[in-house]
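Inside the fold
Next come the chains, spelled out residue by residue.
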Amino acid sequence: MGEWSGRRAGRLETGTALVRAPGPRLADGIVTHVERRPVDTGLAARQHGAYVDALRAAGWRVRAVAPADRCPDAVFVEDALVVAGDTAVLCRSGALGRRAELEGAERAALDLGLRLSRIKEPGTLDGGDVLQVGDTVYVGRGARTNEEGVCQLAHLMGGRRVVPVATDGTLHLKSVMAALPDGSLIGLPQHVDTSVLPCLRVVPEPSGAHVVRLGPEHLLMAASAPRTAELLAADGWRVTVVDISEFEALEGCVTCLSVLVPGIL
């Protein structure tokens with residue numbers, strides 16, 4: 001874990017982070033847009049531990065979601081659950097093999113006292129396609145999330161503006177686009193329909209297109225995006241970096257390893 005220091009400093013946002021440890025079948029996870037390479041499961045476990053440590057160090061209380069060891073991709077817990085206010089939306093992945101991951105995520109949401117809604121057939125939705133920015137919710141429409149899933153989510157968002165964003169050549173919207181705490185968007189324009197976006201700042205590295213907003217002025221990023229981290233630190237953001245190389249081999253990113261629930265401890 002490393003740190004890039006910018007000018008900004010401020011209070012830490014508090015809440016609960018839901019995480020699920022990588023299972024024994026992690027190396028069998030689905031890959032779609034990258035060439036498969038061997039995954040070191042021991043290194044992945046250590047990297048996941050460092051990721052969890054970074055969340056705790058930023059003031060988040062960490063709760064473990066029940067294991068789903070038969071599901072190789074279950075560590076990417078963000079895809080199972082979208083939390084908006086006091087509501088948790090249980091997703092329905094376009095990847096049929098991932099739907100068995102939902103049981104533990106549902107139980108974790110209920111344990112936090114969240115109201116539960118769910119995406120129903122024929123809708124499909126992965127949490128990695130849902131980017132919440134203030135009163136606007138951008139939803140990637142691609143292989144994992146269909147139009148019906150976007151429409152169902154819109155009805156569950158309490159009147160917030162939902163903007164479908166067509167994606168191409170990427171697993172999820174949040175694999176190629178992120179929002180900073182001030183609401184500005186960064187990412188890779190070649191993978192999204194930029195005509196529906198107010199503005200998108202281009203990042204120099206693919207892995208720089210995803211960040212976890214740890215607090216009002218604090219970002220978590222992958223160590224594989226040092227140029228982006230340096231640029232954002234120069235803009236005044238505090239940036240913590242973690243190595244998640246074994247998850248990146250499975251098209252994972254820093255956002256998909258947790259579900260952050262602000263204000264609930």
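Before reading further, recall that the structure is shown in the block above.
Notes on the structure follow. (Residues numbered from 1 in each chain as written. Predicted model: local features only at pLDDT ≥ 70, side-chain atom pairs only at ≥ 80, totals over all residues. Heavy atoms only, no water.)

Further remarks concern the sheet that holds strand 8 (residues 136–141). Strand order in the open sheet made by the 3 strands is 7-8-9, with mixed pairing throughout. The sheet terminates laterally at strand 7 (130–133) and strand 9 (161–166), the two strands that pair on one side only. Each adjacent strand pair in this sheet contributes to an overall mean axis angle of 20 degrees, direction not counted. As paired strands, strand 8 and strand 9 are joined by 6 bridges and run parallel to one another. Bridged to R141 within strand 9 is A166. (Pairing = 2+ DSSP bridges. Helix = DSSP H or I, 4+ residues; strand = E, 2+ residues; numbered from the N terminus. Axes fitted to C-alpha atoms, helices over the stretch in contact; angles between N-to-C directions.)

Pairing between the strands of a sheet comes from backbone hydrogen bonds, and it takes one of two forms, parallel or antiparallel. Spatially, 3 strands are ordered 4-5-6 in an open sheet, and the strand pairing comes out mixed. Both edges of this open sheet fall to strand 4 (81–84) and strand 6 (115–118), since each of them pairs with a single strand only. Averaged over all adjacent pairs, the angle separating strand axes in this sheet is 25 degrees, with direction ignored. Direction of pairing for strand 4 relative to strand 5 (residues 87–90): antiparallel, over a ladder of 4 bridges. Counted as the bridge partner of L81 is L90 from strand 5.

Quick look at the side chain of R98 now. Tracing the chain through its elements places R98 in the loop between strand 5 and helix 2 (102–111). For R98, a relative accessible area of 6% translates into the label buried. The residues touching R98, leaving out its near neighbours within four places in the chain, are I30, D73, F76, D79, S93, D126 and R144. (Buried < 20%, exposed > 50% of the residue type's maximum accessible area, 1.4 Å probe, protein only. Contact = heavy atoms within 4.5 Å.)

This part covers the pairing of strand 14 (residues 218–222). Burial analysis of strand 14 places 5 of its 5 residues in the buried class, the great majority of the element. Side-chain alternation along strand 14 places H218, L220 and A222 on one buried face and L219 and M221 on a second face that is also buried. In terms of strand pairing, strand 13 (residues 212–215) meets strand 14 through 3 bridges, oriented antiparallel. Opposite G215, over in strand 14, you have H218 as the bridge partner. Connecting the antiparallel pair strand 13 and strand 14 is a turn made up of 2 residues. Of the strand pairs in this sheet, strand 14 and strand 15 (residues 238–242) are connected by 5 bridges, and their pairing is parallel. Considered in strand 15, the bridge of L220 is made with T240. As a crossover connection, the stretch from strand 14 through helix 4 (residues 226–234) into strand 15 is right-handed. (Right-handed = clockwise from strand over helix to strand, strands pointing away.)

Scanning the entire structure with this criterion turns up 12 salt bridges. In this structure, the salt-bridge partner of D126 is R144, at a minimum N-O distance of 3.1 Å. A residue pair is termed long-range when its members are at least 10 positions apart, and D126 in the loop between strand 6 and strand 7 and R144 in the loop between strand 8 and helix 3 (147–156) qualify at 18 residues. Between R141 and E147 there is a salt bridge, and its shortest N-O distance comes to 3.3 Å. Take R141: its relative accessible area is 31%, and that puts it in the partly exposed class. Residue class for E147 comes out partly exposed when judged on its relative accessible area of 38%. Connected through shared salt-bridge partners, D79, R98 and E101 make up one network. (Salt bridge = Lys/Arg side-chain N within 4 Å of Asp/Glu carboxyl O.)

Burial in helix 2 covers these residues: L102, G104, A105, A108 and A109. All buried residues of helix 2 fall inside an arc of 165 degrees around its axis, so they share one side. Relative to its buried face, helix 2 has exposed residues pointing more than 90 degrees away, namely E103 and D111. The inward-facing, buried residues of helix 2 contact strand 2 (15–19), strand 4, strand 5 and strand 6. Positioned one or two residues after helix 2, G113 has a phi angle of 80 degrees, which is positive. (Arc of directions from axis to C-beta.)

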